[in-house]
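# Chains, contacts and geometry: an overview
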Amino acid sequence: MRKTLYLKFVLAYILFGIFGFIMVASVISNMDLDHEKQVQADALLTEATTIANTYAADLYNSEASIDSVYTQLGALSSYNNARILILNPSGRMVVDSAKELDPDVAVTVEGFDPADFSGSPYLEGTFYDTFDEDQICVLAPIASNYRTVGYVIMCYPMSLVVASTQQVLQISYVELLILLLLSVIILIFFTEIVYVPLRKITKATEQYAAGNMHYTFTVDSEDEMGYLAASLNYMAGEIAGKEDDQKKFIANVSHDFRSPLTSIHGFLEAMLDGTIPPELHGKYLKVCLNETDRLTKLTNDLLTLNNLNTRGMILNKTDFDLNEMIRQVAASFEHQCHTKKITLSLVLTGKELYVNADAGRIQQVLYNLVDNAIKFSHPDSTVKVETTERGHKVFTSVKDTGIGIPKEDQKLIFDRFYKTDLSRGKDKMGTGLGLSIVREILRAHGENINVVSTEGVGSEFIFTLERSNYNDALDENGSSHEETE
Ligand code: ADP
């Protein structure tokens, strides 16, 4: 396509040029000749009619001498480049502007028949062999006493008609040449505006088809071509980004699966070959069990993420009491809180707070946030879960006074597998997928999550949910803040 489009255009241009010249040389040339003959014939006829009505009529009425007629016709003949003849109806020549006739010698135009002129305004040829070369001849009758007494014939050489046609034709050729040269500008514009960008786009699509999605190119124009190029670049960039993400994702998954498997393998081997004595087997089997728990959590998290991605926006939204859900989630962390001596403080808006969302998914959001807050809190500290209403939104905050998140990590913690260096020592079971799941769920709901954190001071995660209409009925009874520990 790349070669042929340009070739086709150049070929069309050359054909246009050749066709133009053929047209000028044939059709236009013939049209010009016909037109020139007509113009000359009209001029000759006007002249001949004037002569027939004046000098020739005078001659037949004996009002002018033949000599004076010769003088007048001679002048008119050289002025018009035409030969003027006066003939009797029988064909006998009375006057010939080219030569004086001897009155005693009768010169007759053999075969002269005025009827030959009736079909066309002029006759083309040698005028009954009177001339050596072709002429255009016109005829004007001389009338006297309502009778035709003779004819004025004016003949103009065809060679002169052709010569003046050639001049006009030359102008047409020059015009055509100028037109062709000007149309080269169109060719140049086509090359610059259409062909060059199209070649770039074609080359890029070939690269993309070959799998090189990182290939970039520029088309500096603001028209459809530029827009198409920008869209292609954008599309390739997006696909390349997705490919990179996928590679990173697979690398992370492999890495996170490999380390627990390596340690399980190591411990089991050491137990089998006796490196670990039988009395220590219990201790190391517990370690192996822990590692399998980690693998199970990783697999579950991956499945959850995968479901969220493939199912997209399909959510099972219902009206449910968020406060009650928070209480239930808090209860499920009782054992962990007790072990770490952490107080879980719930500051909830009123007794009930209905939201419209997918209850199962929101429970997972709360679970992941509270789990993180407890994991990254120091012992003997407090984790606070608070709900507030603002307009038709409900804000839920999960706040701890733990290790905090460095500023540079705050944007990255929602990415898959991302863990801050600070947290690595504190949480060996973590997969780095919890917050990605949280973000995906809230995104599917069209809601937001933000983090406010200071390293060494603590973190607060706040997310929004849509308030349910069911609250309006409850609001009539008034709402209050309920605090529990
Ligand atoms: P994980 O399953 O490992 O907890 P998450 O996606 O939930 O993964 O969290 C990603 C990382 O964000 C954690 O490894 C940790 O570094 C950081 N993080 C999340 N929540 C907190 C928090 N409350 N305090 C400090 N760091 C946190």
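One structure accompanies this document, and this report is about it. Here the structure is a predicted model, which is why all the values come from computation and not from measurement.

### A word on helix α11 (residues 434–445)
Since the α-helix advances by 3.6 residues per turn, residues separated by three or four positions end up pointing in the same direction. Under the 1.5 Å per step criterion, the end-to-end length of α11 is 17 Å for twelve residues, consistent within 8% with the ideal 16 Å. Along α11, ten of the twelve residues are buried, which leaves the element largely enclosed by surrounding structure. Of all the residues in α11, the buried ones are Gly434, Leu435, Ser436, Ile437, Val438, Glu440, Ile441, Leu442, Ala444 and His445. Glycine 446 sits one or two positions beyond α11 and adopts a positive phi of about 75 degrees.

### A closer look at the layout of surface pockets
Quantified by volume, the largest pocket comes out at close to 600 Å³. Every element with two or more residues in the lining of the largest pocket is listed here: α5 (224–272), α6 (281–311) and α11. Broken down by element, the lining of the largest pocket gets its largest block of residues, six residues, from α5. When the residues that make up the lining of the largest pocket are grouped by side-chain class, the tally is seven nonpolar, five polar and eight charged. Taken as a whole, the second largest pocket spans an internal volume of roughly 520 Å³. Lining the second largest pocket we find 31 residues, and of these Asn372, Lys375, Phe376, Gly434 and Leu435 sit closest to its centre. When residues of the lining of the second largest pocket are traced back to their parent elements, those giving at least two are α6, α9 (359–375), α11 and β12 (458–466). In terms of residue count, α9 provides more of the lining of the second largest pocket than any other element does, eight residues in total. Of the residues that constitute the lining of the second largest pocket, the class distribution is eleven nonpolar, 13 polar and seven charged.

### Considering the packing of helix α7 (residues 322–332) against α9
α9 packs onto α7 with a crossing angle of 45 degrees between their chain directions and a minimal axis gap of 10 Å. It follows from the interaxial angle that α7 and α9 lie oblique. Note on packing geometry: the crossing formed by α7 with α9 is right-handed. Two secondary-structure elements touch here, α7 through Leu322, Met325, Ile326, Gln328, Val329 and Ser332 and α9 through Ala359, Ile362, Gln363, Leu366, Tyr367 and Val370. Looking at the contact of α7 with α9, its residues break down into nine nonpolar, three polar and no charged.

### Some remarks on the state of the cysteines
Considering all chains together, one arrives at one disulfide under this definition. Note that cysteine 137 is cross-linked by a disulfide to cysteine 155, the S-S spacing being 2.2 Å. Taking the torsion about the sulfur-sulfur bond, which here is approximately 120 degrees, the covalent link between cysteine 137 and cysteine 155 counts as right-handed. Here cysteine 137 is found in strand β4 (residues 135–144), whereas its partner cysteine 155 is found in strand β5 (residues 147–157), with 18 residues between them in sequence.

### Structural notes on the nonpolar core
With 46 residues, the main nonpolar core has Leu322, Ile362 and Phe461 as its most contacted residues. With seven residues, α9 is the single largest residue contributor to this core. In this structure, isoleucine 362 is in contact with Phe320, Leu322, Met325, Ala357, Ile441, Leu442, His445 and Leu465, ignoring residues within four places of it in sequence. Counting residues in each nonpolar core, the second largest holds 41 residues, with Ala41, Ile51, Val69 and Ile153 among its members.

### Brief notes about the site of the ligand
Close contacts around the ligand come from 22 residues, with Asn372, Lys375, Thr420, Ser423 and Leu435 the closest. In the environment of the ligand, an oxygen atom lies 2.9 Å from a nitrogen or oxygen atom belonging to the side chain of lysine 375. Take threonine 420: an N or O atom from its main chain is 2.8 Å from an oxygen atom of the ligand. Relative to its unbound accessible area of 530 Å², the ligand is 99% covered by the protein chains. When each cavity is represented as a set of grid points, the ligand is found to reside in the second largest pocket. At three residues, α9 tops the list of elements feeding residues into the shell around the ligand. Its residues assigned to classes, the shell around the ligand comprises nine nonpolar, nine polar and four charged.

### Looking at the environment of phenylalanine 463
Mapping phenylalanine 463 onto the fold places it in strand β12. Taking relative accessible area as the criterion, phenylalanine 463 reaches 0% and is therefore assigned buried. With 31 residues separating them along the chain, phenylalanine 463 and glycine 432 place their C-alpha atoms 19 Å apart. Among residues more than four places away in sequence, those in contact with phenylalanine 463 are Val365, Leu366, Leu369, Val394, Phe395, Thr396, Leu442, Asn448 and Ile449.

Thresholds applied
Numbering of residues starts from 1 in every chain and runs along the sequence as written. With pLDDT at 70 or above as the cut-off, local features in this predicted model cover only qualifying residues; side-chain atom pairs require 80 or more to be listed or tallied, and sums for whole chains, interfaces and linings still use all residues. Only hydrogens and water are set aside when side-chain values are computed; all heavy atoms of the structure are taken into account. Put simply, DSSP H or I for four residues or longer makes a helix, DSSP E for two residues or longer makes a strand, and each gets a number counted from the N terminus. Take the residue count of a helix, subtract one, and multiply by 1.5 Å to get its expected span. When accessible area is computed with a 1.4 Å probe and restricted to protein chains, residues below 20% of their type maximum are described as buried, those above 50% as exposed, and intermediate ones as partly exposed. A cavity, in this analysis, means grid points on a 1 Å lattice covering only the protein atoms where a 1.4 Å probe fits yet has no way out; a pocket is instead an open set bounded by protein on both sides within 12 Å along at least five of seven lines, and a residue lines either one if it has an atom within 4 Å of a point. Grid points are joined across faces, edges and corners, and a volume is the space filled by probe spheres set on the points. Ten residue types, Ala, Val, Leu, Ile, Met, Phe, Trp, Tyr, Cys and Pro, are classed as nonpolar, four, Asp, Glu, Lys and Arg, as charged, and the remainder, Gly among them, as polar. Here the axes come from fitting lines to C-alpha atoms, over the contacting stretch only for helices, and the angles between their N-to-C directions go from 0 to 180 degrees. Here the angle decides the label: under 35 degrees means roughly parallel, over 145 means roughly antiparallel, 65 to 115 means roughly perpendicular, and every other value means oblique. Here a crossing is called left-handed whenever its near helix is offset anticlockwise from the far helix by less than a right angle, and right-handed whenever the offset is clockwise. Contacts are residue-level and defined by heavy atoms, with any inter-residue pair within 4.5 Å sufficient. Two cysteine sulfurs form a disulfide in these notes if their separation is within 2.5 Å. In plain words, nonpolar cores are sets of buried Ala, Val, Leu, Ile, Met, Phe, Trp, Tyr and Cys residues tied together by side-chain atoms within 4.5 Å. We call a residue near a molecule or strand whenever a single non-hydrogen atom of that residue lies within 4 Å of it. In protein, a polar contact means a hydrogen-donor-capable atom and an acceptor-capable atom, both N or O and within 3.5 Å, with residues adjacent in sequence counting only if both atoms are side-chain atoms; elsewhere, any N or O pair within 3.5 Å suffices. Surface accessibility in these figures is a Shrake-Rupley result with a 1.4 Å probe; residues are shielded only by whichever protein chains are displayed. A pocket or cavity is taken to hold a molecule when more than half of that molecule's atoms are within 2 Å of the pocket's grid points.

None of this, on its own, says anything about what the molecule does.
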